[in-house]
Amino acid sequence: MTNRSTTTGTTINSGDRTVRQKITSLRHFYVHFRRPEKAGYSGSFGFDWLRDEYVYDEIRVRVAKAKKALYKGNIQNLIKEYTHFKGQKISHINEIKTLNAEPYIPAWLAIFPSTKHTKHNNASSKINTDGVKLYLQIDQDDKDSAKVLTDDGTELIFECSTGLKISPEKINLAKLIEKSPTKKNLSSSHQGVSSKSFYRHLTKTAITITATDVYSEPAYIKVIARKNNLKKTVGLLMVYPNAIIPKADIRIVHFSTRAGVREVPTPPAYQDYLKKRSFNQALVRAEIKGISFFNLVDYLNEYNAKVVKGTITSEERRKLGKIKVFITKYPIGQTVPRSKGGELKKDIIALYEEFSQKYVPKGGIENPNSKITFVIFTDYLVQNTDPATSITYTTLGSAATRERGMFESLACLVADCPIIWGNAVVLFNQGNTDLSTFAHEIGHSLSLPHTFETPPNSNHTFYQGYTDNLMDYSYVPVPKGERGESNKFAKYMWSLFKWQWEILRKDSSISYK
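Cut-offs applied
- Each chain has its residues counted from 1, following the order in which its sequence is written.
- A pLDDT threshold of at least 70 governs which residues receive local features in this predicted model, and a stricter bar of 80 or more applies before side-chain atom pairs are shown or counted, although totals over entire chains, interfaces and linings include all residues.
- The side-chain values count all of the structure's non-hydrogen atoms but skip hydrogen atoms and water molecules.
- Under the scheme used here, helices are H or I runs from DSSP no shorter than 4 residues and strands are E runs no shorter than 2 residues, and both carry numbers assigned from the N terminus.
- Contacts are assigned to residue pairs that have any heavy atoms within 4.5 Å of one another.
- Definition of a polar contact: a pair of N or O atoms within 3.5 Å, with one able to donate and the other able to accept a hydrogen when the atoms are protein atoms, and with sequence-neighbouring residues admitted only if both atoms are side-chain atoms.
- The criterion for strand pairing is that DSSP finds at least two bridges linking the strands in question.
- Throughout, an axis means a line fitted to C-alpha atoms (over the contacting stretch in the case of helices), and angles, computed between N-to-C directions, take values from 0 to 180 degrees.
- Put simply, the grid is 1 Å and covers the protein atoms alone, a cavity is a trapped set of points that fit a 1.4 Å probe, a pocket is an open set with protein on both sides within 12 Å along at least five of seven lines, and lining residues have an atom within 4 Å of a point.
- Grid points are joined across faces, edges and corners, and a volume is the space filled by probe spheres set on the points.
- Ten residues, namely Ala, Val, Leu, Ile, Met, Phe, Trp, Tyr, Cys and Pro, are considered nonpolar, four, namely Asp, Glu, Lys and Arg, are considered charged, and the remaining ones, Gly among them, are considered polar.
- Criterion for a disulfide: a pair of cysteine sulfur atoms within 2.5 Å.
- Only protein chains enter the area calculation, which uses a 1.4 Å probe; residues under 20% of their type maximum are buried, those over 50% are exposed, and those in between are partly exposed.

J.: Would you mind showing me how to read the environment of Q383 here?
T.: Along the chain, Q383 falls in strand β22 (residues 383–385). In this structure, the C-alpha to C-alpha distance between Q383 and A424, residues 41 residues apart in sequence, is 21 Å. When residues no more than four places from it in sequence are discounted, the contact partners of Q383 are T335, V336, P337, R338, T392, Y393, T394 and Q430. A distance of 2.8 Å separates polar atoms of two side chains, one belonging to Q383 and the other to T394.

J.: Before we go on, may I ask you to explain the sheet that holds strand β20 (residues 285–295) in this structure?
T.: Strand pairing in a sheet relies on backbone hydrogen bonds. The paired strands run either parallel or antiparallel. Spatially, 5 strands are ordered β20-β19-β21-β25-β24 in an open sheet, and the strand pairing comes out mixed. The open sheet has two edge strands, β20 and β24 (397–401), and neither has a second partner. Averaged over all adjacent pairs, the angle separating strand axes in this sheet is 20°, with direction ignored. Contacts between helix α9 (residues 435–445) and the sheet are confined to β19 (247–256), β21 (372–378), β24 and β25 (421–427), with β25 contributing the most and set at about 160° to the helix.

J.: I tried to follow the layout of surface pockets on my own but got confused; where do I start?
T.: Summary: where empty space remains is shown by rolling a probe the size of a single water molecule over the atoms. Its volume calculated, the largest pocket comes out at about 1,100 Å³. Forming the walls of the largest pocket are 38 residues, and the residues nearest its centre are T394, L396, Y473, S474 and Y475. Elements with a contribution of two residues or more to the lining of the largest pocket: β23 (392–394), β24, α9, β26 (475–476) and β27 (485–486). For the lining of the largest pocket, the leading source of residues is α9, giving 5 residues. Residue classes in the lining of the largest pocket are distributed as 15 nonpolar, 14 polar and 9 charged.

J.: Looking at this structure, how should I read the state of the cysteines?
T.: All chains considered together, the criterion is met by 1 disulfide. C412 shares a disulfide with C417; S-S distance 2.0 Å. As the torsion about the S-S bond is roughly -110°, the C412-C417 disulfide counts as left-handed. Take C412: its relative accessible area is 23%, and that puts it in the partly exposed class.

Function-wise, these values are silent; they only describe arrangement.
Here is the structure:
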């Protein structure tokens, strides 16, 4: 027997007639969980969803004389990142009826369990302790017979899996549709994606979600619409497993070229940022485990003084020779051209390794088995000015890559191989005080490619300068000599995609002990 709700009436105009239409079923809409954007989000929790502009042509990128979709790859592969976990489709999606020829695609949340609710070792007293605040987005099928949603007594009920708590536990639909919706018409140049038209309600009612325990499989929150004796699932939030929280061991190095000055400028509150607003999105605890200092000029002056006194040892004389070679190549106080930035990075890492062996792991910084990531702040400025346009280009930082071993190299003879990122990054003058550059370069060291990298270095490719992702750039590239367009998210590039969470957690330097 089919259940029926109490009939409600909705008045619509049809030509010069007024028709009273009976609605005897639940309305047709999806409910999506969303986080605040731009200034409303600081990276304090992991949250990712498939943005409209990645699938539909809301943003068209001008390439030569053509306009291209923002996402370059096969869109179905990107969709699977949200509908699947470890290769298996999320079964809960099947409970949600397809609307407007578009299957439901859930958002993903990643949060630490709270010490207020559990004593598990993975629980945090500083990250996500009081939960996180999300909002609801309601997309209504424009073919829904009664048109724009109204207060018809429908209630939204949230059903949580074990280990999650949500507040409020239910909410009247009327509270979420107080303002008029926006009519959206979206088309896509991606194969296999249909055009769609719908009404969108953006709500301001905060929904608080807290992890009260750990879960080893993806958890979930279902949104169930209920009216009288009718109900159906209309939304879903997937929550990343938090039973295993690996660690990233970060070591800070100050590489100074100013006599008597130990410290190089660093980003404000960078330790707090690293722990609470960056790789915690992937449920990785990134912590500063040590800070060391290397002053190039002080070593030079110390060894030269010993030469004058005749007390320098053979080992110190050897090291003095290395310093002189380095300074000849990169004179103190002079700007290094960007063409030499990569070489400077390698030479800084090598010189620090030579002089600071007690801080370097056995086998060296680039030992493939090392679980330590070195972040070297230096006051060297790496920069060029284009004489034709007076535009200045600055290299803010650079991450090391690791050379392949013999067997790895042989494998690359028959197939393209991705970059192997190393265990050290160098932040140059102007980049050494920027939080996003700091995390961006560490992200490379933890195997994250740029968002605009192409295969084999990345499975997903976007055009540069259009996302709020930590691994994007803050500008859109333009032909040489022209002034570039800024990324509209340039001040708010804190987020990581779900597929990046998984890359991070698999990096060889991440520790699961």
